[in-house]
Every structure is written in structure tokens, then in C-alpha cells.
Amino acid sequence: RHDPYFDACSSVRDPGFRETLKAYYPHCIDGDRVRCQVSGVVGNSQQVIAAHLIPCKSPDILFTEVRLLPKNMNEGINGLFLAKNIEHAFDRKQVCFVQHPLRMDTIVMKVLDMEEMSK
């Protein structure tokens, strides 16, 4: 089955996007390392990933569904710092992120695959 979101996920990392996220989320910087915005883990670029919420190769419709434009692809609004294991679960649609209903500045991770809960 063709899935434009999953098909768009890529293991190639853009170092420029990491710098963009550092500027967008300065509170995540801890020296030369960054903090995962979900788990709080601090690590280097191999441990904490600059993750696109909507992947670069996605069709335009995915951007409009979340009120973004394709031009926002490599902007901070389209990314989070995620621990590597969380980023892999996100790529596999085992977790997703939603805005907290009462605190608009807070993102909550929802587990979609219960097997992932045990990891």
C-alpha cells in the first residue's frame, strides 16, 4: 500500500536543519548538545535528531492538512528535537505529537502502537 508520509521518510539528515531548530528552540541547547523535546534526554547529533514533522519529500497536501505551507518545510515550525528511538517510532507511525488542549505551547506525545509502550 502506498503511503506518501511513510514513503517520504528519509534517513539522510540535513545538518542545516539542525541549526535552524537550534535557533527556533534555543532553550533546547545544552552546550554543543541538544535536549529531546519529549524525553528530556541530552545528546549529540547521533543521539538527538533534528526531526521534520512533515518529511521533506511529502506531497503538498500533508502540509496544508496541518496548516503549514510547503515553504515551511525546513523552518523551525516543522521540526522537533527527538531522541533517536522516539524519532524512529515517529517515522514508523508508532507515536504522534499533538498540541496540549489547555497549554498551547506544549506538545504531547501519543503512543499509537502499544508494543512501543514497553520499549
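What counts, and at which threshold
Residues numbered from 1 in each chain as written. Predicted model: local features only at pLDDT ≥ 70, side-chain atom pairs only at ≥ 80, totals over all residues. Heavy atoms only, no water. Pairing = 2+ DSSP bridges. Helix = DSSP H or I, 4+ residues; strand = E, 2+ residues; numbered from the N terminus. pLDDT = per-residue confidence, 0-100. Buried < 20%, exposed > 50% of the residue type's maximum accessible area, 1.4 Å probe, protein only.

Strand order in the open sheet formed by three strands is β1-β2-β3, and the pairing between neighbours is antiparallel. If you trace the sheet from one side to the other, it starts and ends with β1 (29-30) and β3 (42-43), each paired once.

Here we come to the confidence of the model for the protein. The predicted model of the protein has a mean per-residue pLDDT of 82, with 84% of residues at 70 or higher. Taking the mean pLDDT of every element in the protein, the minimum, 46, falls on helix α1 (residues 4-8) and the maximum, 97, on β3.

On to unusual backbone geometry, then. Although it is not a glycine, Lys93 sits at a positive phi angle of roughly 60°. Assignment of secondary structure puts Lys93 in the loop between α4 (84-91) and β6 (95-99). The partly exposed category is assigned to Lys93, whose relative accessible area is 37%.

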